[in-house]
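One letter stands for each residue in the lines below.
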Amino acid sequence: MSVSLEVGLRSGAKALNLSLSDEQVQLLLDYVALIQKWNKVYNLTALRDPADMLTHHLLDSLTAVAPLSRHTQGQPTKVLDVGSGGGLPGVVLAICMPELDVSCVDTVAKKAAFVQQVAASLKLPNLRGIHARVESLLDPYPVICSRAFASLPDFVTWSRRALAEGGVWMAMKGKQPQDEIKALPADVKVFHVEPLTLPGLDVERCMVWMKPGP
């Protein structure tokens, strides 16, 4: 993996106020290398340029680490990443927050298999890929997240059975999705919309936090 990618990753993490260990930096770079290696077979992402993968995938996913850390307060927590594809943000969360138990669910078997491959290759015991429709999952997860997955109403409706009592949804979005927020079921409440800054890209990003409630 090129030196420039490592420099970009380290400076991006610094801009996000994340202190990553050398081992975590290496794991993230190894993860990008695995995406590149398996992309032709598994069609994980339309992006082919490692620099684009750094900003649009790694750094974009890293923006979720600090907000989620504030929520979990460093406690061991089960997290479900819905429509995870090649493991974004789930793999990044598993690397940066080893106290989490991260499951990445996708309806495409090859993508779930790739996450399993990543877990084995990078020796991440806290990561697993699940090939299933999220509607079929019954294990309770205190945090259910998604990144560029579906509309907010669809996201909460499809994953509702997997939400633990007292659990929250964490949706990574572009600009604030007011229309989607208005269309949420009456018994789902948005309790925080958090603006996110993505290092290296001048784009709008936000995190929409939701929970069941009036």
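Residues numbered from 1 in each chain as written. Predicted model: local features only at pLDDT ≥ 70, side-chain atom pairs only at ≥ 80, totals over all residues. Heavy atoms only, no water.

*Asks:* So what's going on with the overall build of the protein chain? Residues and values would help.
*Replies:* Within the protein chain, the secondary structure is distributed over eight helices and seven strands. For a compact globule of 214 residues, the expected C-alpha radius of gyration is about 17 Å, and the protein chain comes in at 16 Å, within 12% of that figure. For the protein chain, with 214 residues in total, the buried portion stands at 53%. Working note: accessible area of the protein chain is about 9900 Å², and carbon and sulfur atoms make up 53% of it. (Helix = DSSP H or I, 4+ residues; strand = E, 2+ residues; numbered from the N terminus. Rg over C-alpha atoms; globule rule 2.2 N^0.38 Å. Buried < 20%, exposed > 50% of the residue type's maximum accessible area, 1.4 Å probe, protein only. Areas by Shrake-Rupley, 256 points an atom, 1.4 Å probe, with all protein chains shown as cover.)

*Asks:* Any details on the pattern of salt bridges? Residues and values, ideally.
*Replies:* The final tally for this structure, using the stated rule, is nine salt bridges. Taking the shortest distance from any N to any O, the salt bridge between Asp101 and Arg128 comes out at 2.5 Å. Placement of the pair is Asp101 in strand E2 (residues 100-106) and Arg128 in strand E3 (residues 127-131), with a sequence separation of 27 residues. Across the pair Asp187 and Arg160 runs a salt bridge whose closest N-O atoms are separated by 3.2 Å. Placement of Asp187 in the loop between helix H8 (178-182) and strand E6 (188-196) and of Arg160 in the loop between helix H7 (152-159) and strand E5 (163-173) is noted, with a sequence separation of 27 residues between them. On the basis of relative accessibility, which here comes to 38%, the residue Asp187 falls in the partly exposed class. (Salt bridge = Lys/Arg side-chain N within 4 Å of Asp/Glu carboxyl O.)

*Asks:* I'd like a description of the nonpolar core, backed by residues and values.
*Replies:* Of all hydrophobic cores here, the largest spans 52 residues; its most connected members are Leu9, Leu28, Tyr31, Leu62, Leu68, Val118 and Leu127. Counting residues per element, this core draws most heavily on helix H2 (residues 22-42), which supplies 10 residues. Residues within four places of Val118 in sequence aside, it is in contact with Tyr31, Leu34, Val91, Lys123, Leu124 and Leu127. Ranked by size, the runner-up nonpolar core spans 22 residues in total, among them Val156, Leu163, Leu184 and Val188. (Core = buried A, V, L, I, M, F, W, Y, C linked by side-chain atoms within 4.5 Å. Contact = heavy atoms within 4.5 Å.)

*Asks:* How would you sum up the packing of aromatic side chains? Please name residues and give values.
*Replies:* Per the counting criterion, the structure on display carries three aromatic pairs. Joined through ring pairs, the aromatic side chains of Phe149, Phe155 and Trp158 make up one cluster. When the ring centre of Tyr141 is taken as origin, the NZ or CZ atom of Lys78, which lies over that ring, is 4.6 Å away. (Phe/Tyr/Trp six-rings, centres within 6.5 Å; stacked < 30°, edge-to-face > 60°. Lys NZ or Arg CZ within 6 Å of the ring centre and 35° of its normal.)

*Asks:* Would you mind going over the environment of Gly213 in detail, with residue names and values included?
*Replies:* Along the chain, the position of Gly213 falls in the segment after strand E7 (205-212). Once the C-alpha coordinates of Gly213 and Asp187 are considered, the two residues, 26 residues apart in sequence, prove to be 5.0 Å apart. Once residues lying within four places of it in the same chain are set aside, the contact partners of Gly213 are Ala186, Asp187, Val188 and Lys189.

*Asks:* How would you explain the pairing of strand E1 (residues 77-82) if you had to name every residue and give the values?
*Replies:* Among the six residues that make up E1, five are buried, leaving the element largely enclosed by the rest of the structure. With six bridges connecting them, E1 and E2 associate as parallel partners. The partner of Val82 across the bridge, within E2, is Val105. With helix H5 (residues 90-96) bridging E1 and the parallel E2, this β-α-β connection has right-handed handedness. (Pairing = 2+ DSSP bridges. Right-handed = clockwise from strand over helix to strand, strands pointing away.)

By themselves, these are just geometric observations and shouldn't be taken as functional.
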